[in-house]
Amino acid sequence: MDKTLIKRLIVEYQRLPQEINFIKRDIALSNNLNYVLVGLRRSGKSYLLYQKINDLIADILAMKSYSSISRTNVCLASSSTTWT
C-alpha cells in the first residue's frame, strides 16, 4: 500500500469525530477511568465515544488558546518594562 494513501486515510479517520453532527447527551465520563460500552445495536455507543472525543478536543483547544494568551500577556508585560 502507498504511504500517502495510508496517511490520508488516517487523517480522514481522525477528522471523523469532529465532522459528525449529534445530539449532546448529559452523560459524564471521567477521564481517569476505563469504560466498556455494551448495548444493543444502534443504541448510541459509538456516538457516546464521538461525544467524548469532541469534549477532549475542545478541552485541548481551550488549553492551547489559554496558553497562547498567557504567553502573549507575559511577552507584552516583559516588553513594556523600561530599562534604565
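See above for the structure.
Thresholds, definitions, all that
- Residues numbered from 1 in each chain as written.
- Predicted model: local features only at pLDDT ≥ 70, side-chain atom pairs only at ≥ 80, totals over all residues.
- Heavy atoms only, no water.
- Helix = DSSP H or I, 4+ residues; strand = E, 2+ residues; numbered from the N terminus.
- Buried < 20%, exposed > 50% of the residue type's maximum accessible area, 1.4 Å probe, protein only.
- Areas by Shrake-Rupley, 256 points an atom, 1.4 Å probe, with all protein chains shown as cover.
- Salt bridge = Lys/Arg side-chain N within 4 Å of Asp/Glu carboxyl O.
- Polar contact = N/O pair within 3.5 Å; in protein donor to acceptor, adjacent residues only side chain to side chain.
- Contact = heavy atoms within 4.5 Å.
- Patch = residues over 30% accessible without salt bridge, like charges linked within 9 Å, V, L, I, M, F, W, Y side chains within 5 Å.
- Phe/Tyr/Trp six-rings, centres within 6.5 Å; stacked < 30°, edge-to-face > 60°.

Engineer: I keep staring at the overall build of the protein chain and nothing clicks. Help me out?
Structural biologist: Broken down by element type, the protein chain carries two helices and zero strands. Classification of the 84 residues of the protein chain by burial places 10% in the buried group. By element, 59% of the accessible surface of the protein chain is carried by carbon and sulfur atoms, the whole surface being about 7,900 Å².

Engineer: Mind showing me how you'd approach the pattern of salt bridges here?
Structural biologist: Charged atoms that come close allow side chains of opposite charge to pair. Applying the stated criterion to the full structure yields one salt bridge. The residue Asp 55 makes a salt bridge to Lys 24 at a minimum N-O spacing of 2.8 Å. Taken together, the residues span a long stretch of sequence, with Asp 55 in helix α2 (residues 45-79) and Lys 24 in the loop between α1 (3-19) and α2 at a distance of 31 residues. On the basis of relative accessible area, Asp 55 is assigned to the partly exposed category, the value being 27%. Its relative accessible area of 53% is what places Lys 24 among the exposed residues.

Engineer: How should the side chain of Gln 51 be read in this particular structure?
Structural biologist: Of note, Gln 51 is situated in helix α2. Owing to a relative accessible area of 4%, Gln 51 belongs among the buried residues under this scheme. Within polar-contact distance, the side chain of Gln 51 engages the backbone oxygen of Arg 25 at 2.9 Å. The residues touching Gln 51, leaving out its near neighbours within four places in the chain, are Phe 22, Ile 23, Lys 24, Arg 25 and Ile 27.

Engineer: Sorry, what's going on with a nonpolar patch on the surface here?
Structural biologist: A contiguous nonpolar surface patch, about 360 Å² in accessible area, is contributed by Leu 33, Tyr 35, Leu 37 and Leu 49. Within the secondary structure layout, Leu 33 lies in the loop between α1 and α2.

Engineer: Would you explain unusual backbone geometry in this entry?
Structural biologist: Most peptide bonds take the trans configuration, and most residues that are not glycine carry a negative phi. One non-glycine residue with positive phi stands out, namely Arg 42, at about 60 degrees. Mapped onto the secondary structure, Arg 42 falls in the loop between α1 and α2. Residue classification places Arg 42 among the exposed residues on the basis of a relative accessible area of 82%.

Engineer: In this structure, what is going on with the packing of aromatic side chains? I would like to understand it.
Structural biologist: Ring pairs (aromatic) are described by centroid distance and by the angle formed between their planes. Applying the stated criterion across every chain yields a total of one aromatic pair. Centroid distance Tyr 47 to Tyr 50: 5.6 Å. Interplanar angle 90 degrees. Geometry classified as edge-to-face. Here Tyr 50 and Tyr 47 lie together in helix α2, a separation of three residues that amounts to about one turn.

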